[in-house]
Structures are given as C-alpha cells and as structure tokens.
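Residue-level listing of the chains:
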Amino acid sequence: MKRIYKKSFIATALLIFFLGSCSKDILEEQPRSIYEPGYFKTENGVLGGLTAMYAHLRYIYGQAYYYNSCLTGTDEATYAQSADGNFKDMDLSGVGQLTAATSRADVLWGTAFTNINTASGIIENASEVENISDALIAEARFFRAFDYFLLVQTFGGVPLDLGAGELKFNTSTSRTSVRNTVPEVYTKAIFPDLVTAVNDLPVDGRVTGGATKTLARLYLAKAYLTYGWWLENPNNIPTYPESGRTDPAGHDAQWYFQQAYDVATAAIDNPGPFMLQETYYDVNLASNDRNSEILLYADHTEDSELYNGGSLTYGSGAAPDNFAVWMMTWNYTNLKSALDAAWTQEASSVQREAAQAYGRPWTRMCPTIDVVENTFADKTTDSRYDGTFVTTFRANWPKAGLDAAFMYGANSMEIYPGDAVLTFLDEEPSGSIDYSNTQYNSGIGAGVLPGRPDFVISPQGISRFTYPGLWKLGTYRTDNGDGLGQPNAGSTRPFNIAKFSELYFVAAEAAVKGASGSRSARDLINVIRERAGKWRWDNNGNEEKIADYSADMASATPTTIDIDYVLAERSREFYGEGYRWFDLVRTQKWEELAASYTICGPELGNHTPETFTRTIEDYHYLRPIPQGQLDGMEMTEAEKDAYQNPGYQ
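Residues numbered from 1 in each chain as written. Predicted model: local features only at pLDDT ≥ 70, side-chain atom pairs only at ≥ 80, totals over all residues. Heavy atoms only, no water.

Student: Would you mind going over the environment of Pro 429 with me for this structure?
Tutor: Turning to its location among the elements, Pro 429 is positioned in the loop between β10 (420-424) and β11 (455-457). According to the relative accessible area criterion, Pro 429 is partly exposed, its value standing at 26%. Expressed as a C-alpha distance, the spacing of Pro 429 and Ser 174, which sit 255 residues apart in the sequence, is 64 Å. The contacts of Pro 429, once residues within four sequence positions are left out, are Leu 449 and Ser 458. (Helix = DSSP H or I, 4+ residues; strand = E, 2+ residues; numbered from the N terminus. Buried < 20%, exposed > 50% of the residue type's maximum accessible area, 1.4 Å probe, protein only. Contact = heavy atoms within 4.5 Å.)

Student: Just checking my understanding: could you explain the side chain of Arg 586 for this structure?
Tutor: Tracing the sequence through the fold places Arg 586 in helix α17 (residues 580-586). Separated by 2.9 Å, the side chains of Arg 586 and Glu 509 make a polar contact. If sequence neighbours within four positions are ignored, Arg 586 has contacts with Leu 225, Thr 226, Trp 229, Glu 509 and Arg 570. (Polar contact = N/O pair within 3.5 Å; in protein donor to acceptor, adjacent residues only side chain to side chain.)

Student: Honestly, unusual backbone geometry in this entry has me stumped. Any pointers?
Tutor: Omega for the bond connecting Tyr 240 with Pro 241 falls within 30 degrees of zero, at -10 degrees, which places this linkage in the cis form. By the secondary structure assignment, Pro 241 is in the loop between α8 (213-232) and α9 (253-269). Look at the link from Ala 319 to Pro 320: it is a cis peptide, with omega at 10 degrees. Within the secondary structure layout, Pro 320 lies in the loop between α11 (305-308) and β3 (336-338). Here Leu 92, not a glycine, exhibits a phi torsion of approximately 60 degrees, which is positive. In this fold, Leu 92 is placed in the loop between α4 (85-91) and α5 (106-125). By relative accessible area, which is 8% here, Leu 92 ends up buried. Positive phi, normally seen in glycine, also occurs at Arg 290, with a value near 60 degrees. Positionally, Arg 290 belongs in the loop between α10 (280-284) and β2 (294-298). Judged by relative accessible area, Arg 290 falls into the buried class, the value being 14%.

The following block contains the structure:
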C-alpha cells in the first residue's frame, strides 16, 4: 500500500497546547522525514511521536474537503452556489457522481494510516525506554484506536497489517494489502487499545488538550454503540469485506449496547476536570475556546505561524489550515447600503472581517430550509439555533476606513455601525416580502418589509446563494485592533473533535436500544435540553438575554424517546460539526432522513423553494477506497476490484 507504507508520519508541523495551567507542558518536535524503530526506543523519540499524533488531527479536522464528506448529502447540508465537484459529488442528488476518484474521504485514509503506523512504533518499542510510563504509551493506544474507529466506520474492514504483521510498526515499502473484516478491526485493534487507554490514561491530561481517561471512555462507549448497531444491522445494509454479523467473543448487539451505556455513564459520574458549560452559547463562543466541555481538539494559535502550522495572514485552502467554516460562509460582502436617501450611491456596509460572525466566504455548502424550519423549529426557548447560526449581519464599514456616520438601508431608513443590514427571519412574516430590489438594492437579492431598515430573507427564501452562516465555527482573532483583522487567513481557533456532552447522547442512544441503568434516555437527553433552555446572551440580537426556559424544554421532551428523537437532538446540539454522516450511517437512517430536501436555487434573488431528491443506495453506507490507494498497489485489476467496496468498481 504505497500511500500507507512508504514512510511513517512526516512531521512538518510543530504543535503547541496552550491556554491552560502554567504547569502544563508544551509539545514540540523536530521535523523528521521518517521514523525508524530505534527512534521509538528513546525518550525524545516517544515524545516526538506522540506530538506528531496530536498534530495529525489538523490534517483531518478543519480540512474542508473532509468536512464536506461528513456533512454534504446528509439532512444537515447540501451544496451551495459556488460548489465545485468536490461538494456536488457528495450530495448524491444527481449533479455529480461519487466514485473512488471523487470521494473526499481520501483525506482520512492517507492521514490515519500514517498515524496508525507511528502509534504502533511507540506501542511496540516504548516499554524498553526508561522514564516512559504506561500512561504515555496509552496515548499512542488511544490514537491508534481513534484512527481505526474512523476508518472502519467510513470504509468497512481495513488492513491491520501494514506490511510487518498485524498491528506492527512497518518500515517496508510493501505495495500489496489485505483488508481485515469489521469484527476483526473492532476486536483486535479498537476495543483492546481503548480498554487499555481507559485503564492507563490519567484523569487530568499530561498537557493542555491531551488524552485523558474521560476521552478514552467516550470513544470506547461510541465504539461499543457503533459495533452494536453493526451487529444488529436493522436494515440489512451489506458490509465489506463480507463477514457474518457475529462477534468473535460471542456477544450479541444488546451486550454491546449495555457496555456503551455503562462506560458512558461511568464517564459522566467520574468526569475529572470536565463538565458541561452553563449555557450552549458558551460552548462555542470563540473567546471561551478550550473550555471544560471540550475533550479533544485539533489546535491552532494566532501567536506563531510555526506553531499554528500555517500562515496567519492568508489561508492556503489546504491542511493543516483550519478553513472548514469558509465552506458554509456565503458572500455577505455583496450586501449594499446607500450613502443617500434616494439610493443613487451605494456602498458595501458589511465588510469581510476576522470576527466570529463573518470570516472568509467560499459558498460551497449550505443548510437546507428543512434545517431552519424543522430541526430548529423552536427558536424561542431553545438557544441552540441562536448559538449555531449567524442570522443577523451587522454594519461594520468604519473598520474598513469608510467615512460615513450613517448609511441608508431598506425603506431609506438610517442605519449606523453595529445595526442590522440583513436579517434571516425566524419564521414567515404575516405580510409579503418585497424581493424586487427595484427601489432598494440589497446587492444580494434580499427583501424589504414595511417599517424595517434591515433587508430580510424568510426561512422559505433561503437559497444556495444566501443562507444563515455557521457562527459556532466562525473566525476569531484577538489582534484585529480597530480594523478588519486578517479575514483571509485560516482560522486560528481549535477545531473541536470530542465534547463531554456527547456522553449523554451515547448513553441515551444505548438506552433506546435496550440498555438499562439508573438514568433513562429521557433523563439523559433532558440534561442537554435543560442546558439549551438557559440563555445569557442573544447572539443575533447582540444583547444580553437572561432567561431560563429549562423547565419548558424538559416538559416538552416526549415521555418515550426513540432513535429519531435522539438523532434530532444530536443535530440540534452538534449541527455542522462533522458528526452527521457517521450518525446516519451508524443508525442506518441516512436514506430515511436525507433522501430529499428543500432549498431555493443558486441564482441571485431566487426565493422559490424546490424539493430535491437524493439517490442513496445501500452501498453508499461505505465510502470508496480512494483511487490513489488502488493506483499505488502492485496488484492485478481483478484484485483491485476485489479490494474496492462493492458499487464503486
């Protein structure tokens, strides 16, 4: 397997974990082109390899094309006006074709296997090194299991032998490969490594953002839950390589659901330094990054290009930059206001800014009308819509040096810096919106309502051209000064990968599947829903809002929770964070929940909703083995066809 075996992790980036206790260590490594076994028999070698494992996260998370593969084509997102084939292919709606050459899950394949080999080098050799504890080796075990878990969910069975034997460190340039079955990957690699990680990892991380016992418990619970679903296979989705849905240890699906529940609740009861934030707004507030709810993240910094792994002034559009949020940011900079009441002279009133609500627009992905109207139907008591999206775009022209005390908005009404220029309405208005743009030209085809100075777009008017932005992942810098900052640079925020809140969802889903314990599925979900009912800030209103609707949220929860409700709550909680494809594939609900969606067209001013259908076949539940991998193997075409997942040959 040329792309896997030729070399181990190329350590081109340095990684720093910061904004924690001053006693926390910094992870650093010298760039290396290759690792060999002797390197992992030294303390510096082990620590350097571990640092590379944290660094490898930035080649997966925040990488826009991998981000696209986790969301586009689900019930959370579709392609937007400026999408290229990378996004249209993933949508499965007839505008592209998902193949071994077009699937962007290739990002995961190449990155994960190089890291797995590095982890195996540490696990195999580090025990011989003085001053290397079991806890350090457990970090390597966690990351090996982490990558194998991503791979097996995405591709089905994958190789455990990279050229030197199963789970052995490999230095050869082997160009053949044999895929293991799904049960083998779970029972030989994922479960043993995670069980050891739970036992040996510390409660408090070795470094800020480092692997902990709570993190390992989350992934062990998720792996048990996912494998339980795989064994049950409620919709008879085929697997590959072909394998009976039987567990080598003789356990049934119910046993694994119970294990998932037990491990997740154990983590909730023994959280260590982790806890839920008081409000949903605080979870994703950029100035509160690396908070107590975040278990793992791919880190970045605005303090140093070396430690950030990318430019601080211009985004390359390639890993290790964190640029995923650009994809779901539309071109709001086309918004216009007027310098005179007659609208004879127009100006750009919302400038591109390195701020959480704005950032760099690429218009590649967008939410659907269904997301706004159905997933986030409650926008009054539930704070998660407000804490997820940018629905109000505010004037910031003085930061661009434009000398105007005020401008004129819709209805020739005065607007001032900080005022709303455009608002995506929470619901359809009682009166009709004038989308003509004949008298007041918004520049983006937005509409006018009587008495309002801001342009408006209703939920039914959301299109591939204009749509609410994704606030939760938005740009944030502390070095903007009085200007617009560096909005063209990749985000210097960490990309959150794992959250303490997910433990409640894993336990609730396991309970829905029959697991028992002291907490019901409703009890667990209500912990999250009650938090969602607590407001301290109206994000899109840009004002303080002290309100507690937690009792209302809890009472509105159905008495009996089913898997559809768990999935709906997961989308409200984790919308746009890259979970959704995995959730729908695990539960085999992808076709049921994402087979159609509603959106207006990509043309300027198009506010006519259309329903689009997707063709989601059973074989789509696995992504294709990347074409580059197949091209690099010295095997016959028949052998390569047999290696590829069915449906993609």
